[in-house]
Amino acid sequence: MIRDNKSEFIKKADAAMEEAAEVVLQRARQHNTPIVVWRDGKVVELDPFSPEFDRQKSNSSTANED
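Novice: Any chance you could explain the pattern of salt bridges here in plain terms?
Specialist: Opposite charge on two side chains makes pairing possible when the charged atoms of those side chains draw close. Inspection of every chain in the model, using the stated rule, returns 4 salt bridges. One salt bridge in this structure joins Glu8 and Lys11, with 3.6 Å as the shortest N-O distance. A residue pair is termed a helical-turn pair when its members lie 3 or 4 positions apart in one helix, as Glu8 and Lys11 do in helix α1 (residues 8-31) at 3 residues. A relative accessible area of 51% means that Glu8 is categorised as exposed. Its salt-bridge partner being Asp54, residue Arg29 comes within 3.2 Å of it at the nearest N-O pair. You can see Arg29 sitting in helix α1 and its partner Asp54 sitting in helix α2 (residues 51-63), a full 25 residues away along the chain. When its relative accessible area of 27% is taken as the criterion, Arg29 is described as partly exposed. Judged by relative accessible area, which is 44%, Asp54 ranks as partly exposed.

The rules we used
- Residues numbered from 1 in each chain as written.
- Predicted model: local features only at pLDDT ≥ 70, side-chain atom pairs only at ≥ 80, totals over all residues.
- Heavy atoms only, no water.
- Salt bridge = Lys/Arg side-chain N within 4 Å of Asp/Glu carboxyl O.
- Helix = DSSP H or I, 4+ residues; strand = E, 2+ residues; numbered from the N terminus.
- Buried < 20%, exposed > 50% of the residue type's maximum accessible area, 1.4 Å probe, protein only.

That is the geometry; function is a separate question.
Below you can see the structure in the form of structure tokens.
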């Protein structure tokens, strides 16, 4: 059995950030604009239709099931 030691505040903050990220991704796809992130010390523009974002969504949903 895996014990969840996160406080309720942390759980709510994580859920809010995941929801916000999903809204950003949806808007970027609707308007065909890049997702801008900081990666390896640089600002990078990513294609919102990249499979990278689909992977993150599936990984976060399975991570929450533990």
